[in-house]
Amino acid sequence: MTTQKQIKTALISVFHKDGLEEILTKLNDSGVAFYSTGGTKEFIESLGYACTSVESLTGYPSILGGRVKTLHPKVFGGILARRSNEHDHIQLDKYEIPEIDLVIVDLYPFRETLASGASDEEIIEKIDIGGISLIRAAAKNFSDVVIVASKEQYAPLANILSENGAQTTLEERKWFAKEAFAVSSGYDSAIFDYFDEGENTHLRVTAENAKILRYGENPHQKGIFYGDFERLFEQLQGKEISYNNLLDIDAAVTLISEFDELTFAILKHNNACGIASRPSVKEAWEAALAGDPVSAFGGVLICNAPIDREAAEEITKIFFEVIIAPDYDAGALEILMQKKNRIILIQKEFPKTTEQIRSLMNGYLVQDKDLSIQTVEDLKTVTSQSPDAREIEDLLFANKLVKNTKSNAIVLAKNKQLCASGTGQTSRVDALRQAIEKAKSFGFDLEGAVMASDAFFPFPDCVEIAHDAGVHAVIQPGGSIKDNLSVDYCNANGMAMVMTGTRHFKH
């Protein structure tokens, strides 16, 4: 049995008509008969093509304010009839039901209506019934019927019609069915989320725009990104963005979003190895690079201000994978684009996601993103010595960094510059020792520096070690039953300590 099927009849009822004219012309040229409703029927006839109304087919008008138009056996029978089933043909003949070989339909704009702030009544009316039913019916019967469920599939159908005329293969019809079920499942998920009202009683995740990556975290792993990267970034040049690039880019934009003043950061493996806030991009870059010029090699660079030529002349001296900024002047691009593999991105907007999802074992973990940013008002001084104005600035700076560093984490900072961090250690003491050793190896004088911890100190050992290294002030969430031990040590040694009441574990 041949898998080629001729399209002889088409049911078309769509909201989006851009790109439809080309398809209608090709179908009409192939002698395809049209059925339609309302505005789509008027559009077809405006092109000079004959079109039979669905009301004429069913013998019933559109009723209930348009809620019921296509829900009729003469429509669904023609879609669901199995062309190879003799009994189905007998029933089609008996009830005078025409076969429908192509269904082009889209859905009421539910998501758009919801996002517009419309009333509940308006939102409910945008829950499509007829359209979703037509999509499911035609997709189910893909052996005989072509289903186009979105304007995104107009171009593939037009290509088929151009190359082969009004006929399709089983493989093509199955592809359209797959895409149709992707449309219907995503639509239903959006409706569920509306009714769930944020209670998270069930997890429904849908994402469009699958992009196959070269590989995953390692070459032997498959990697796919689902999302609209181009909405957030414009890539000016560079090689294909990898799985690990995407992880670092996400970490970079999350970190830089914490800062209002001009700030430059360098990241490796999702952690900042250098970051500084300064009056100019060049100064911020030089201070960030000084934090760890070794780890900066092959890093991801990000700045929250446009890159100028003066800064680019210094930045280009090292090898880096990615640079992100809100813009670049012409002179900067002339310099940065000399290395063709460099990924140069303009950040157009910040991702507005508020949840994180992680797969593990036989399920998923879902949590709110850590969007908490501490300010001066959140700081509670718990020592007799209070931090001065400069130390408060550094404490808040360091706290933003430690929040975005893998736990257990310690950050040492001075003059709004990262001196060093201890990242991803099983012991907080080890994290601190790592940070101190690293800072000293790059020539930092820690006298007057501040220390930030992502979680509380169960013992005074960390403040003791930090004090010996020259740290004058500490920021931490507090919450240990032994907080007093660290506070007492600070009081005895002239150190200032503030608590925020907010822990920032990151695993």
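Residues numbered from 1 in each chain as written. Predicted model: local features only at pLDDT ≥ 70, side-chain atom pairs only at ≥ 80, totals over all residues. Heavy atoms only, no water.

Two elements, strand 2 (residues 9-13) and strand 3 (residues 33-36), share 4 bridges in a ladder whose sense is parallel. By the bridge assignment for strand 3, Ile12 is matched with Ser36. Taken together, strand 2, helix 1 (residues 20-29) and strand 3 constitute a β-α-β crossover, and its handedness is right-handed. Two strands pair when backbone bridges link them, and strand 3 and strand 4 (residues 52-53) are joined in this way by 2 bridges, in the parallel orientation. In the strand pairing of strand 4, Tyr35 is matched with Thr52. A crossover links strand 3 with its parallel partner strand 4, the connecting element being helix 2 (residues 38-46), and its sense is right-handed. (Pairing = 2+ DSSP bridges. Helix = DSSP H or I, 4+ residues; strand = E, 2+ residues; numbered from the N terminus. Right-handed = clockwise from strand over helix to strand, strands pointing away.)

Right, let's get into the packing of aromatic side chains. For the coordinates displayed, the defined rule picks out 9 aromatic pairs. Measuring from centroid to centroid gives 5.0 Å for Trp175 and Phe176, while their planes differ by 80°, and the two rings are edge-to-face. Put simply, the rings of Phe110, Tyr187, Tyr194 and Phe195 pair up and form one aromatic cluster. Positioned above the aromatic ring of Phe192, the side-chain terminus of Arg204 is 5.7 Å from the ring centre. Over the aromatic face of Phe259 sits the side chain of Lys400, whose NZ or CZ is 5.0 Å from the ring centroid. (Phe/Tyr/Trp six-rings, centres within 6.5 Å; stacked < 30°, edge-to-face > 60°. Lys NZ or Arg CZ within 6 Å of the ring centre and 35° of its normal.)

On the surface, a cluster of nonpolar side chains totalling about 470 Å² of accessible area is made up of Leu203, Val205, Ile357, Tyr364 and Val366. Structurally, Tyr364 can be placed in strand 17 (residues 363-368). Using a relative accessible area of 58% as the deciding quantity, one classes Tyr364 as exposed. (Patch = residues over 30% accessible without salt bridge, like charges linked within 9 Å, V, L, I, M, F, W, Y side chains within 5 Å. Areas by Shrake-Rupley, 256 points an atom, 1.4 Å probe, with all protein chains shown as cover. Salt bridge = Lys/Arg side-chain N within 4 Å of Asp/Glu carboxyl O. Buried < 20%, exposed > 50% of the residue type's maximum accessible area, 1.4 Å probe, protein only.)

What follows deals with the layout of surface pockets. Rolled over the atoms, a probe as big as a water molecule pinpoints where empty space is left. As a volume, the second largest pocket reaches approximately 480 Å³. Along its surface, the second largest pocket is lined by 25 residues, and Gly66, Lys69, Tyr108, Asp128 and Gly131 are the ones closest to its centre. Here the residues of the lining of the second largest pocket sort into 9 nonpolar, 10 polar and 6 charged. (1 Å grid on protein atoms, 1.4 Å probe; cavity = no way out; pocket = protein on both sides within 12 Å on 5 of 7 lines; lining within 4 Å. Points joined across faces, edges and corners; volume = space filled by probe spheres on them. Nonpolar A, V, L, I, M, F, W, Y, C, P; charged D, E, K, R; others polar.)

The contact between helix 9 (residues 154-164) and helix 10 (residues 170-196) brings their axes to 12 Å, and the two run at 170°. Our classification of the angle between helix 9 and helix 10 gives roughly antiparallel. Regarding helix 9 and helix 10, the two cross each other, and that crossing is left-handed. From helix 9, Pro156, Leu157, Ile160 and Asn164 reach across to helix 10, where they touch Glu172, Trp175 and Phe176. A breakdown of the residues in the contact of helix 9 with helix 10 according to their chemical character gives 5 nonpolar, 1 polar and 1 charged. (Axes fitted to C-alpha atoms, helices over the stretch in contact; angles between N-to-C directions. Parallel < 35°, antiparallel > 145°, perpendicular 65-115°, else oblique. Left-handed = near helix turned anticlockwise from the far one by under 90°. Contact = heavy atoms within 4.5 Å.)

We now examine unusual backbone geometry. In this structure, the amide linkage connecting Ser407 to the following residue, Asn408, adopts the cis form with an omega of -10°. Looking at where Asn408 falls in the secondary structure, it is placed in the loop between helix 16 (389-403) and strand 19 (410-413). Positive phi outside glycine occurs at Asn209, with the angle close to 55°. Mapped onto the secondary structure, Asn209 falls in the loop between helix 10 and strand 8 (210-212). Given the relative accessible area of 49%, Asn209 is considered partly exposed. Notably, Lys416 is not glycine yet its phi reads approximately 55°, a positive angle.

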